[in-house]
Amino acid sequence: IAGITQAPTSQILAAGRRMTLRCTQDMRHNAMYWYRQDLGLGLRLIHYSNTAGTTGKGEVPDGYSVSRANTDDFPLTLASAVPSQTSVYFCASSAELAGGTDEQFFGPGTRLTVL
Amino acid sequence: DAKTTQPNSMESNEEEPVHLPCNHSTISGTDYIHWYRQLPSQGPEYVIHGLTSNVNNRMASLAIAEDRKSSTLILHRATLRDAAVYYCILRPYGGSQGNLIFGKGTKLSVKP
């Protein structure tokens, strides 16, 4: 089934450790996004990529980095995890062919706990 | 960014219609109105979007006020599977950054 996959599903991480969350889409979408969702709140954008080879900062980028080496993959890296990065992380993608009206497709999420 | 206002929660009975309101009094002429929903323990999923005219799809209908300062998502016959948080989001046409700006949404409970 076409869509977005994220790995791992969940992870418990010691503070100070490096962690990469993986995201892969098979829809050949141009744009990809990383959001975080804290308990009881809406999603907030961390980083985005409008097309392969480009990335941009979202609302809460500090402590995170991304790369977009190809169309399908958009990994999110926490260089040195801190407890405030405990959250559920969602990857999303959209075709971005219609000037902002495109549907965004979301992955199932990664639940990350930093101790 | 233009903001939206939604009730924190609503309740509905199964098989009855549900009208989820959204106020967006500062909407600009290029803002599309998008609705997403998030079922428990899942990522958000697209429901519907529109600009000026009312829209229908297999999931729901979107009624947009003539002045575009408010809109209503209509679920014609609520099912237990429709219990979710519903987000009303404004998204400008042609923006350089295509992310969605999520508020807290409306948590819809459906009673059998």
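Since this is a predicted model, take the numbers as computed values, not measurements.

Cut-off values and rules
Residues numbered from 1 in each chain as written. Chains lettered and ligands numbered in written order. Predicted model: local features only at pLDDT ≥ 70, side-chain atom pairs only at ≥ 80, totals over all residues. Heavy atoms only, no water. Pairing = 2+ DSSP bridges. Helix = DSSP H or I, 4+ residues; strand = E, 2+ residues; numbered from the N terminus. Axes fitted to C-alpha atoms, helices over the stretch in contact; angles between N-to-C directions.

**Some remarks on the sheet that holds strand β4 (residues 45-50) of chain B**
Residues and elements named next belong to chain B.
Here is step 1 of the chain: Across the sheet, which stays open at both edges, the 5 strands sit in the order β1-β9-β8-β3-β4 with mixed pairing between neighbours. Taken across any chain shown, the strands that pair with only one partner, and hence form the sheet edges, are β1 (9-13) and β4. Recorded for the sheet is a direction-independent mean angle of 25° between the axes of neighbouring strands.
Here is step 2 of the chain: Pairing analysis gives 5 bridges linking strand β3 (residues 31-38) to β4, with the strands arranged antiparallel.

**Describing the sheet that holds strand β6 (residues 61-64) of chain B**
Residues and elements named next belong to chain B.
Here is step 1 of the chain: Taken in spatial order, the 4 strands of this open sheet run β2-β7-β6-β5, and their pairing is antiparallel. Strands at the two margins of the open sheet, each flanked by one partner only, are β2 (18-23) and β5 (55-56).
Here is step 2 of the chain: Bridge analysis of β2 against strand β7 (residues 70-75) gives 6 bridges, and the strand direction is antiparallel. Across the sheet, residue N23 finds its bridge partner in β7, namely S70.

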